[in-house]
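Residue-level structural notes
Read off the chains here:
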Amino acid sequence: MREELAGKVAIVTGGASGIGRASVELFAREGASVVIADVDDERGPQLAEALGERVRYRRTDVSSEADVQGVVDFAVETFGGLHIMFNNAAVSNRLFPSFLDDDLTDFRKVMDVNLLGVMLGTQRAARHMAKHGGGSIINTASIGGSVAGFGVVTYRASKAAVLHFSKCAAIDLAQHNVRVNIINPGHIRTTMSSWSAGGMSEAGFNQLQRDLDEINFADQPIKREGRAEDVAEAALYLGSDRSQQVTGIVIPVDGGVSVGDSVNHVQQILDAQTRAMQM
Ligand SMILES: NC(=O)c1ccc[n+]([C@@H]2O[C@H](COP(=O)([O-])OP(=O)(O)OC[C@H]3O[C@@H](n4cnc5c(N)ncnc54)[C@H](O)[C@@H]3O)[C@@H](O)[C@H]2O)c1
């Protein structure tokens, strides 16, 4: 065991599932005390219980100022400090319909959770960290926020804003020894990647998933499916003292997708949708 995070206290938002869950597990294995900040009152407490005394669940809607302040206070009161804030929770809008048919009713929800949630988490954690010697803030954006692409435009816009905000915050907070870095996951199969393609039969969804996997991996230089655990390893580096001189950077964990030209597979995705809808 490396115990890279021994003695540290971390909050992981969206820690009940996917990338957040893998990060909670890794941080705990590496010796940190961890608060899972999530709205999933089923999986959150279950995970905390499975991981033992050093992991606690606190219901937190990241778009609520009171909840975010509440979880920061909870971490400090329960574990005696806060050294790592991983602002990772997000929601997506659906892959379909297309932008022209999108009534934008989910705009505020997506922006509130994805952008305001990250800004609140950064600010409230930094207020504590600035008074206590500093800390590490990690914000999850997406390759969808740095490279333009087809579909989920509200989600992409929210992630582009997370990227820019985080770089500005890195400059602003450096004087307080608070580092702010960004992780850009590529395509990782989680609840979110399933949910964003919702609104069809189970058979249709399964077919769509297979088609999208093929499309998404077609131009991925590393021909291995990315996993939530791969993203957690990047968060471990950014949260640990190994990255003490690192702030304002973006780590893509995407199998190399963002290295080259982006390819917009518009026709293949539309074909996949048509096939899935007919099932
Ligand atoms: N999965 C991918 O392919 C992918 C790609 C790029 C970026 N990302 C980003 O990675 C992060 C984690 O996503 P994931 O794929 O693990 O998704 P996921 O759906 O498995 O996990 C998201 C978690 O966030 C929680 N959550 C949702 N709304 C919340 C709120 N208001 N307050 C607190 N918690 C809330 C959910 O309950 C869930 O536990 C997100 O920021 C996502 O945008 C994911």
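Per chain, the residues get numbers from 1 upward, laid out in the order the sequence is written. Only residues with pLDDT of 70 or above have their local features reported here, since the model is predicted, and side-chain atom pairs are shown and tallied only from 80 upward, although totals for entire chains, interfaces and linings are computed over all residues. Excluded from the side-chain calculation are hydrogens and water; included are all heavy atoms of the structure.

**Remarks on helix H8 (residues 202-218)**
An α-helical segment advances 3.6 residues per turn. Residues three or four places apart therefore align on the same side. Over its 17 residues, H8 extends 24 Å from the first C-alpha to the last, a length consistent with the 24 Å expected when each residue adds 1.5 Å. Among the residues of H8, Gly204, Phe205, Gln207, Leu208, Gln209, Asp211, Leu212, Asp213, Ile215 and Phe217 are the ones counted as buried. Each helix is a run of H or I in the DSSP string that is no shorter than four residues. Each strand is a run of E no shorter than two, and both are numbered from the N terminus. To estimate the expected span of a helix, subtract one from its residue number and multiply by 1.5 Å. For every residue, the accessible area obtained with a 1.4 Å probe (protein chains only) is divided by the maximum for its type, and the residue is called buried under 20%, exposed over 50%, and partly exposed between those limits.

**Things to note about the site of the ligand**
Taken together, 28 residues are adjacent to the ligand, and Ser17, Asp38, Asn88, Tyr155 and Thr190 come closest. At a separation of 3.0 Å, a nitrogen atom of the ligand approaches a polar side-chain atom of Asp61. Separating an oxygen atom of the ligand from a backbone N or O atom of Asn88 is a distance of 2.7 Å. Coverage of the ligand by the protein chains reaches 92% of its 820 Å² of free accessible surface. Looking at the shell around the ligand, the elements that each hand over two or more residues are helix H1 (18-29), helix H6 (153-173) and helix H7 (191-195). The rule for a residue being near a molecule or strand is that one of its heavy atoms must lie within 4 Å of it. Counted as a polar contact is a pair of N or O atoms within 3.5 Å, where, for protein atoms, one must be capable of donating a hydrogen and the other of accepting one, and residues adjacent in sequence contribute only when both atoms are in side chains. Working definition of accessibility: Shrake-Rupley area with a 1.4 Å probe, residue cover restricted to the visible protein chains.

**Some words on the pairing of strand E1 (residues 9-13)**
The buried fraction of E1 amounts to five of the five residues, a majority that puts the element mostly inside the structure. Residues Val9, Ile11 and Thr13 point to one face of E1 and Ala10 and Val12 to the other, with burial holding for every one of them. Here five bridges tie E1 to strand E2 (residues 33-38), and the two strands are oriented parallel to one another. Opposite Ile11, over in E2, you have Val35 as the bridge partner. Call a crossover right-handed when, viewed with both strands pointing away from you, the route from the first strand across the helix to the second goes clockwise. Each parallel crossover has a hand, and the one from E1 via H1 to E2 is right-handed. Strands qualify as paired when DSSP identifies two bridges or more between them. Note that E1 and strand E4 (residues 84-87) share three bridges and pair parallel. Within E4, the residue paired with Ala10 across the bridge is Ile84.

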